[in-house]
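Letter by letter, the chains look like this.
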Amino acid sequence: MPRNQFDDKPEWNDGNVIPWGPPDYAAQQMVPSFVGGSIDLESANIKSLNRENLTEFEALMLGEISNDESSVGEMDMDSATATSSEDETFFPFMELPLEIRLQVYRWLHLMNPIRLTQFAPWYPIPVNRAYFVKAVTLPLCDADATVIPDETPRPIASAVGPLLSPCRPYCCMPTAMLQASKQIYFESRQLPFRENEFVFVNWFASGLWAARSFIRGLRAWQTQTMRYARLELLSRDLSGRHVDEWRELCGAWAGGLRGLRLKILSGGGSGTGAAGVSWVVAGSPQKGAPTVNVRDSDGKAELWIENGLKQLKRLQYLEVELSVADWDATIKLDWCRSLEEALNESKADSEQRVRVRCVEREHEARDWK
């Protein structure tokens, strides 16, 4: 082979060293050239790779297949299918109007009734059921009775409007719903306090003590959002040292309560236990038992009205059930009429007036569990 075919000095071609060898071999070299300090991949024949001619190892290195032997196209298809199924099951609840979301919250609230916990098998607890009452009316005048012309005619029946609903819910909001998001929490947290009727009865202790203990465990926004309550009291709860507890309870309800169903029991056995708790043995009203007065000897409203009920600025309806053995319908109606006058006497014409109704229970039997 002639010597001039192999030169001892390498030749330079645009900065690339041409290796020794015949000219045909040099022409066939596919060495990428440096352009601007970087490799020019255009001169290489990398793009001419055919996927069908690749081995499994080469395809794995180039990312054409995965370790589980599925191709890139198959993986993209599976990912698209999963995304499509998620889109089909996802519902944009927060994009609904607020009015519709509030309706959903309301139905969830009604679907979760509160169940009382029984502390022991022998410990009785009252069943929370609808408490039906009817308006007290005066008896019809006897046709044979002598009518005195100079006597001021009295109505034969009291004009009574619609009573408060006895079938208000006793439900709660699911905890999972309240923890879903902050927006859902603030939209639905007030619903149980606005819709429920909170019931406090004379059960081993006065209903006033039960209500006061319950209120002390709530926050301000919860007590101010409560709209309806039913409360049983003893006559002594509205006089003496218990007036301060009554004033505290009315102050907690001052900004929110709209309807109050109040039962005042005159009589009932009682005793004082630990921590000053007055224990109650509920029973039939006793003759000669002390009653509750609306006005004192000077004609002024009693403290339980002046410092208690008058704090309920947003109260609209007050239903009073008087359980007094010596009182007939006429005395009860006069007492409630006097209470309504005492509540509204200092109010301006633009202020909300309280409507007091005298009621009695339709079914005296109490249900126990």
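A quick note: this is a predicted structure, and the numbers were derived from the prediction, not measured.

Colleague: Would you mind going over the pattern of salt bridges in detail, with residue names and values included?
Modeller: Following the criterion strictly, the structure yields 12 salt bridges and no others. The residue Arg247 makes a salt bridge to Asp244 at a minimum N-O spacing of 3.0 Å. Residue Arg247 and its partner Asp244 are both found in helix 10 (residues 243-252); the two are separated by three residues, about one turn of the helix. By relative accessible area, which is 33% here, Arg247 ends up partly exposed.

Colleague: Quick rundown of the packing of helix 8 (residues 207-216) against helix 10? Include the residues and the values.
Modeller: The angle between the axes and the distance between the axes are what describe a pair of packed helices. Running from N to C, helix 8 and helix 10 cross one another at 45°; their axes reach a closest spacing of 10 Å. In terms of their interaxial angle, helix 8 and helix 10 are classed as oblique. For the pair helix 8 and helix 10, the crossing hand works out as left-handed. Only Glu245, Trp246, Glu248, Leu249 and Ala252 of helix 10 make contact with helix 8, whose side of the interface consists of Leu208, Ala211, Arg212, Ile215 and Arg216. Split by residue class, the contact of helix 8 with helix 10 holds six nonpolar, no polar and four charged.

Colleague: Now, about helix 12 (residues 329-344): what can you tell me, with residues and values included?
Modeller: Here helix 12 contains 16 residues, and its C-alpha end-to-end distance of 23 Å stays within 8% of the 22 Å for a straight helix at 1.5 Å per residue. What helix 12 keeps buried is the set Lys332, Leu333, Trp335, Cys336, Leu339, Ala342, Leu343 and Asn344. Buried residues along helix 12 sit in contact with strand 9 (259-265), helix 11 (303-306), strand 12 (317-323) and strand 13 (355-361).

Colleague: I'd like a rundown of the environment of His242, residues and numbers included.
Modeller: Within the element layout of this structure, His242 appears in the loop between strand 8 (228-234) and helix 10. Measuring from C-alpha to C-alpha, the distance between His242 and Trp304 comes to 9.4 Å, with 62 residues separating the pair along the chain.

Colleague: So, helix 10: which residues are in play, and what are the values?
Modeller: Every buried residue of helix 10 is accounted for by Val243, Glu245, Trp246, Leu249, Cys250 and Ala252. The secondary structure elements touched by the buried residues of helix 10 are helix 8, helix 9 (220-223), strand 8, strand 9 and helix 11.

Colleague: Lay out empty space enclosed by the protein in plain terms, naming residues and giving numbers.
Modeller: Under the criterion given, the structure shown has four cavities of 30 Å³ or more. Lining the largest cavity, in full, are Tyr131, Val133, Arg230, Glu232, Arg261, Leu262, Lys263, Glu319, Glu321 and Val359. Contributions of two or more residues to the lining of the largest cavity are made by strand 8, strand 9 and strand 12. Considering every element that reaches the lining of the largest cavity, the biggest residue donor is strand 9, with three residues.

Colleague: How would you summarise the pairing of strand 12 if you had to cite specific residues and measurements?
Modeller: Most of strand 12 is tucked away, with six of its seven residues classed as buried. Bridge analysis of strand 9 against strand 12 gives seven bridges, and the strand direction is parallel. Counterpart to Leu260 in the pairing with strand 12 is Leu318. Crossover connection from strand 12 via helix 12 to parallel strand 13: handedness right-handed.

Colleague: Describe the sheet that holds strand 13, naming the residues involved and giving the relevant values.
Modeller: Reading across the sheet, the six strands line up as 5-13-12-9-8-6 and stay open at both edges, with mixed pairing between neighbours. Since the sheet does not close on itself, it has two edges, and those belong to strand 5 (133-135) and strand 6 (197-200), each with one partner. Strand-to-strand twist of the sheet, defined as the mean angle between neighbouring strand axes without regard to direction, takes the value 25°. For strand 6 and strand 8, the ladder comprises four bridges, and the chain directions are parallel. By the bridge assignment for strand 8, Phe200 is matched with Leu231. Against the sheet, helix 8 engages strand 6 and strand 8, with an angle of about 135° to strand 8.

Colleague: A description of the state of the cysteines should follow, citing residues and the corresponding values.
Modeller: Here the structure, examined in full by the defined rule, presents zero disulfides. Summary of cysteine pairing: Cys171 is not part of a disulfide, and the nearest cysteine sulfur, belonging to Cys172, is at 7.2 Å. Residue class for Cys171 comes out buried when judged on its relative accessible area of 8%.

Colleague: Please set out a nonpolar patch on the surface residue by residue, giving values where relevant.
Modeller: On the surface, a cluster of nonpolar side chains totalling about 340 Å² of accessible area is made up of Trp107, Leu110 and Met111. Mapped onto the elements of the fold, Met111 is located in the loop between helix 4 (98-110) and strand 5.

Colleague: Which residues make up the packing of aromatic side chains, and what values do they have?
Modeller: Evaluated as defined, the whole model comprises eight aromatic pairs. Measuring from ring centre to ring centre gives 6.4 Å for Phe200 and Trp253, while their planes differ by 35°; the resulting arrangement is tilted. Taken together, the residues span a long stretch of sequence, with Phe200 in strand 6 and Trp253 in the loop between helix 10 and strand 9 at a distance of 53 residues. Like Phe200, the residue Trp253 is buried in the burial classification.

Colleague: Which residues make up the nonpolar core, and what values do they have?
Modeller: Trp246, Trp253, Leu318, Trp335 and Leu339 are the most contacted members of the largest nonpolar core, which totals 43 residues. The element best represented in this core is helix 12, accounting for six residues. If we skip the residues at most four places from it in the chain, Trp335 touches Ile264, Val292, Asn293, Val294, Trp304, Val320, Leu322 and Trp327.

Colleague: Outline the environment of Thr223, supporting the account with residue identities and numerical values.
Modeller: Among the secondary structure elements, Thr223 is positioned in helix 9. Its relative accessible area of 6% is what places Thr223 among the buried residues. Taking the C-alpha atoms as reference points, Thr223 and Gly256, 33 residues apart in sequence, are found 7.4 Å from one another. Here Thr223 is in contact with Ile215, Leu218, Ala252 and Trp253, once residues within four sequence places are set aside.

Each value, and the rule that gives it
For every chain, the first residue of the written sequence is number 1, and numbering continues from 1 onward in sequence order. Local features are withheld for residues below a pLDDT of 70 in this predicted model, meaning they are given only at 70 or higher, and side-chain atom pairs are given and counted only at 80 or more; totals for whole chains, interfaces and linings count all residues. Values reported for side chains reflect all heavy atoms of the structure, with hydrogen atoms and water molecules removed beforehand. For this analysis, a salt bridge means a side-chain nitrogen from Lys or Arg found within 4 Å of a carboxyl oxygen belonging to Asp or Glu. Only DSSP runs of H or I covering at least 4 residues are called helices, and only runs of E covering at least 2 are called strands; the numbering of each starts at the N terminus. Three labels apply to residues, based on accessible area from a 1.4 Å probe with only protein chains included: buried if under 20% of the type maximum, exposed if over 50%, partly exposed otherwise in between. Between N-to-C directions, angles cover 0 to 180 degrees, with each direction set by a line fitted to C-alpha atoms, over the stretch in contact for helices. We call two directions roughly parallel when the angle between them is under 35 degrees, roughly antiparallel when it is over 145, roughly perpendicular when it lies between 65 and 115, and oblique otherwise. Throughout, a crossing is termed right-handed when the near helix is turned clockwise from the far one, and left-handed when it is turned anticlockwise from it by less than a right angle. The criterion used for residue contact is that any of the two residues' heavy atoms lie within 4.5 Å. Under the scheme applied here, ten amino acids are nonpolar (Ala, Val, Leu, Ile, Met, Phe, Trp, Tyr, Cys and Pro), four are charged (Asp, Glu, Lys and Arg), and all others, including Gly, are polar. A helix is expected to reach a length of 1.5 Å times the quantity of its residues less one. Points on a 1 Å grid, built from protein atoms alone, make a cavity when a 1.4 Å probe fits but cannot get out and make a pocket when they are open with protein on both sides within 12 Å along at least 5 of 7 lines; residues with an atom within 4 Å of a point are the lining residues. Grid points are joined across faces, edges and corners, and a volume is the space filled by probe spheres set on the points. For two strands to count as paired, DSSP must find a minimum of two bridges between them. If the strands point away from the viewer and the path from the first strand over the helix to the second runs clockwise, then the crossover is right-handed. Cysteine sulfur atoms that pair up within 2.5 Å are treated as a disulfide. Residues enter patches when their relative accessible area tops 30% and they take part in no salt bridge; the joining distance is 9 Å for like charges and 5 Å for the nonpolar side chains Val, Leu, Ile, Met, Phe, Trp and Tyr. Residue burial considers only the protein chains on display, and all accessible areas are found by Shrake-Rupley using a 1.4 Å probe. Here the aromatic set is Phe, Tyr and Trp, taking the six-membered ring for Trp, and pairing holds for ring centres within 6.5 Å; pairs whose planes are under 30 degrees apart are stacked, those over 60 apart are edge-to-face, and all others are tilted. Here, nonpolar core means buried Ala, Val, Leu, Ile, Met, Phe, Trp, Tyr and Cys residues that are tied together by side-chain atoms lying within 4.5 Å of each other.

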